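# Survey of secondary and tertiary structure
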Amino acid sequence: MSIKKISALFGFALLLTAKFNFAQELGILPQPESVKVLQGKFVFSGNTAIVDKESIFSIAAQEIKLLKKNRTGGLSNQLVFTRDASLKPEAYRLKILPEQITITASNKLGAFWAVQTLKQLAGTNAFKTKNTWVLPALEINDQPKFSWRGVHLDVSRHFFDIDYLHRFIDRLAFYKFNKFHWHLTDDQGWRIEIKKYPELTAKGAWRKLNNQDSACLKLATTNPDYRIPEKHFKMIDGEKMYGGFYTQEQVKELVSYAAGKGIEIIPEIDMPGHMQAATRLFPWLTSTGSVQKEKNFTDPVCPCKETTFEFAEHIFKEVAQLFPSKYIHLGADEVEKSSWKNIPECEALMKHENLKNIDEIQSYFVKRMEKYFHSLGKELIGWDEILDGGISPTATLMYWRTWVPTAPKHAAEKGNPIIMTPGEYCYFDAQQDSHSLQKVYSFNPVGFGLNESEQQYVLGGQANIWTEYIPSEQRLEYMLFPRMLAMSEVLWGHQQDFKTFSRKMDRQFTVLDAMRINYRFTDLKGFAENNVFLKSAYLNIEAPKNAVVHYTTDGSTPKISAPKYTKPIYIDKTQTIKAAIFGADGRMGDVFTANYVQTGYVDAVSLKNPKPGLNFSYYPKFYKAVNLISEADKTKTATTAAIEIPVEDKAGSFATRHQGYFYAAEDGIYSFFLRSDDGSVLKIQNKTLVDNDGMHFAIEKSAQIALKKGYHPFELLFLEGGGGYTLQLEYSLGASKRKAVSASDFVIE
Ligand code: ACM
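This one's a predicted model, so the numbers in the text were calculated from it and none came from an experiment.

## A short note on the state of the cysteines
- In this structure the tally under the stated criterion is one disulfide.
- No disulfide involves Cys302; its sulfur sits 4.0 Å from that of Cys346, the nearest cysteine.
- A relative accessible area of 0% means that Cys302 is categorised as buried.

Printed below as a string of structure tokens:
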């Protein structure tokens, strides 16, 4: 039957479907609360009049005027800003009719977000010199679910200059983030000018290359994004030093620029720990007067000396004047409190203030700083360590330690506001793999065991990006995008399902291209890293729509001049294929390796009395690699159905072993996908099949094995070094869809 006939029969239904699809294909990101597509189009051009009678929407009007191209004739239509005081602060209505666009909001922020939605509707045209946008008639009612939609950037470990930060702010605004958490100081560099202590930037902003820089330079031999930009080096006293800082004038200008884009900047001066950039210059700030390095974290400043408070107060007094935000972030994470033990000043303070332990010394410091912040008219934010030793009732908690799952509940029970940045979802310094985007999309800022009444304390969430191994703007954008888009949709709060989001991403990639953002391409799919074949096989690569793949068969890294992948590659000998992604502009993405080895089937073993389950063992100790796990450290055994860890109060660092037999339901090639944080190793038939060992964020490794039907010895070793863990094992048979292992896959004898 022809399409015409079908539509004659089912015209009404098709019309509805078309409208529905059209609404989805608008691809607005983050998804608005409600979208209704109407009939017709509006042509936005140089001849569109911008009408802002009340002048309250200046930042939005300014933004749209900048996008308007030269007038070529008489005014043809108009864009009108109107006010409805009943709308919430960031809410807006956007009505597009063929003659007029109406943006309604109660204040400038709502109107500004409406303009970002218009830009989203314009797609790539919003970033090109094209002077007309054809916009669909529609009606959008929109508002964010969360008032805190943040992105954090560490500029201490690696420095990002003020010019780049303007672009960074533009990107945040386009995706309707409204907070920029600026991590301005840390052990590796002090980045904000403090007039009272000029040495902090004259000396503290510069360093000789450190271990992290060396690691970056090593990686730069194969990936130029790891190069350390020459512009951040300077000769000081005859030595080439790395670093940089922001003058107070630059800070004020950026704060004002960001405010013009709906973004509030929150400064973080991290204390009492992470202060080595200052303590190296002023060792009297520490308890011992020296600057040690051997422990987990660098020695903090000493909260038991008045001189420390004098120093801190001078700094925060200047900081408070630069940032209109009501918040200042004090940090207070990862403090090496042991340096406060057996110090006469600390013993005296503990006695005087009735402090029972070193946690309470930290709490004393934070609470006293908070009082000072209040005197400056500011509120305090701290990382979730501010719970230790007792949290002040008025502080705002920034949750990050996924391995302390009770922290948000403890804060909410006390009525403290919470900003959710749990590492597992929100740490964008974590390497990306094919699961990362979906992981961010599954972030629920009001989860974490909070009941309905406790959820009201959640202000929102934030992506954090720590830059130890992010030395360049290109690398930063690779780490931010596209995860930032998933975060934007989660925090604006009207997300749909991941499939719909992924479809919308196709359009966003073209927009990111137009913005010249070095985003990470979607992973190549269709193969494991280590593959086997019996006689021959085809490597069938699924490539992202917005890219092409070039490959080599000699183990070398593919250049764009290497053969282009156009059809499945026939494999009939043991070899390595390397496949690299390239964008339309020739930009190179990740390189994927597919090793192929010719093998035969591995025979099954016979079992007399198979029973469901796996033998589980638990080792509450820190190991760097799974081959160091010692049976002498075992404290618990159990039988598990599949890959569970049935231990209630897990140690901060631990290892596990699951052992038994994997049941191959038929002869075939099995692909195993092992994802873990930290290390794991899968052994089948007593041989390592997947090696995902070592200390790392959640990443996946995969390998194939040809198994005869029946039982095969199985062992999965895992270690968690600290900081929250992930352990997932999936498999597929032949070309079937992969699935998580489950109880029916395992037996023991
Ligand atoms: C942190 O990641 N140390 C807050």
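Next, the rest of the story.
## Thoughts on the packing of aromatic side chains
- Per the stated rule, a full pass over the model turns up 50 aromatic pairs.
- Ring plane angle 75° and centroid distance 5.1 Å describe the contact between Phe662 and Phe672, whose orientation is recorded as edge-to-face. Within this pair, whereas Phe662 is found in strand β29 (residues 654–664), its partner Phe672 is found in strand β30 (residues 668–677), the two being separated by 10 residues in sequence.
- Each residue in the set Phe159, Phe160, Tyr164, Phe168, Phe180, Trp182, Tyr246 and Phe323 is aromatic and connected to the rest through ring pairs, giving one cluster.
- Here the basic side chain of Lys240 rests over the ring of Phe233, its NZ or CZ set 4.8 Å away from the ring centre.
- When the ring centre of Tyr519 is taken as reference, the NZ or CZ atom of Arg587 above it lies at 4.4 Å.

## Some points on the side chain of Thr308
- Following the sequence through the fold, Thr308 ends up in helix α10 (residues 306–322).
- At a separation of 2.6 Å, a polar atom in the side chain of Thr308 contacts the main-chain carbonyl oxygen of Cys302.
- If we skip the residues at most four places from it in the chain, Thr308 touches Leu285, Val301, Cys302 and Phe365.

## Side note on the sheet that holds strand β11 (residues 206–207)
- Strands sit in the order β11-β13-β12 across an open sheet of three strands; the sheet is antiparallel. Taken across any chain shown, the strands that pair with only one partner, and hence form the sheet edges, are β11 and β12 (233–236).
- Note that β11 and strand β13 (residues 239–243) share two bridges and pair antiparallel. From the neighbouring strand, Trp206 faces β13, where its bridge partner is Gly243.

## Examining helix α3 (residues 58–67)
- For α3, the full list of buried residues reads Ile59, Ala60, Ala61, Glu63, Ile64 and Leu67.
- Taken together, the buried residues of α3 touch β1 (34–45), β2 (48–51), β3 (77–83), α4 (108–122), β6 (132–142) and α8 (248–259).

## Quick look at the packing of helix α5 (residues 162–174) against helix α17 (residues 473–480)
- Their axes nearest at 12 Å, the elements α5 and α17 cross at an angle of 15°. As summarised for this structure, α5 and α17 are arranged roughly parallel, according to the angle between their axes. In this structure, α5 meets α17 at a crossing whose hand is right-handed. For the pair α5 and α17, the contacting residues are Tyr164, Arg167, Phe168 and Arg171 in the first and Glu473, Leu476, Glu477 and Leu480 in the second.
- Per-class residue counts for the contact of α5 with α17 are four nonpolar, no polar and four charged.

## Focus on the nonpolar core
- Counting 169 residues, the largest nonpolar core has Phe81, Tyr175 and Trp182 as the members making the most contacts within it.
- If we skip the residues at most four places from it in the chain, Trp182 touches Leu153, Val155, Ile162, Leu165, Tyr246, Val251, Leu254, Ile265, Ile266, Pro267, Glu268 and Phe323.
- Listed in part, the 28 residues of the second largest apolar core include Tyr670, Leu707, Phe718 and Leu729.

## A closer look at the sheet that holds strand β7 (residues 148–154)
- A barrel is described by the order of its strands in space; here eight strands give the closed sequence β7-β8-β14-β15-β16-β17-β18-β19, paired in parallel fashion. If you compare each strand with its neighbour and ignore which way they point, the axes differ by 30° on average.
- Pairing geometry for strand β8 (residues 179–183) and strand β14 (residues 264–271), over five bridges, is parallel. When the bridges of β14 are listed, Phe180 appears paired with Ile265.

## A short note on the pattern of salt bridges
- Under the definition given, this model contains 39 salt bridges.
- A salt bridge links Glu424 to Lys439, with the shortest nitrogen-to-oxygen separation between them at 2.7 Å. A residue pair is termed long-range when its members are at least 10 positions apart, and Glu424 in helix α14 (residues 423–426) and Lys439 in helix α15 (residues 436–441) qualify at 15 residues.
- The class for Glu424 is partly exposed, based on a relative accessible area of 34%.
- Residues Lys621 and Asp633 are paired through a salt bridge, measuring 3.7 Å at the closest nitrogen-oxygen approach. Placement of the pair is Lys621 in the loop between β27 (614–619) and β28 (636–640) and Asp633 in the loop between β27 and β28, with a sequence separation of 12 residues.
- What makes Lys621 partly exposed here is its relative accessible area of 41%.

## Some remarks on the environment of Ala395
- Within the element layout of this structure, Ala395 appears in the loop between β16 (379–383) and β17 (396–399).
- Sequence separation between Ala395 and Pro417 is 22 residues; the distance between their C-alpha atoms is 7.3 Å.

## Re the packing of helix α11 (residues 344–353) against helix α12 (residues 358–375)
- As a packed pair, α11 and α12 sit with axes 11 Å apart at the nearest point and diverge in direction by 75°. Relative to α12, α11 is oriented roughly perpendicular. Together, Cys346, Leu349, Met350 and Glu353 of α11 and Ile358, Ile361 and Tyr364 of α12 make up the contact between the two elements.
- Split by residue class, the contact of α11 with α12 holds six nonpolar, no polar and one charged.

What counts, and where the lines are drawn
- Residues numbered from 1 in each chain as written.
- Predicted model: local features only at pLDDT ≥ 70, side-chain atom pairs only at ≥ 80, totals over all residues.
- Heavy atoms only, no water.
- Disulfide = S-S within 2.5 Å.
- Buried < 20%, exposed > 50% of the residue type's maximum accessible area, 1.4 Å probe, protein only.
- Phe/Tyr/Trp six-rings, centres within 6.5 Å; stacked < 30°, edge-to-face > 60°.
- Helix = DSSP H or I, 4+ residues; strand = E, 2+ residues; numbered from the N terminus.
- Lys NZ or Arg CZ within 6 Å of the ring centre and 35° of its normal.
- Polar contact = N/O pair within 3.5 Å; in protein donor to acceptor, adjacent residues only side chain to side chain.
- Contact = heavy atoms within 4.5 Å.
- Pairing = 2+ DSSP bridges.
- Axes fitted to C-alpha atoms, helices over the stretch in contact; angles between N-to-C directions.
- Parallel < 35°, antiparallel > 145°, perpendicular 65-115°, else oblique.
- Left-handed = near helix turned anticlockwise from the far one by under 90°.
- Nonpolar A, V, L, I, M, F, W, Y, C, P; charged D, E, K, R; others polar.
- Core = buried A, V, L, I, M, F, W, Y, C linked by side-chain atoms within 4.5 Å.
- Salt bridge = Lys/Arg side-chain N within 4 Å of Asp/Glu carboxyl O.

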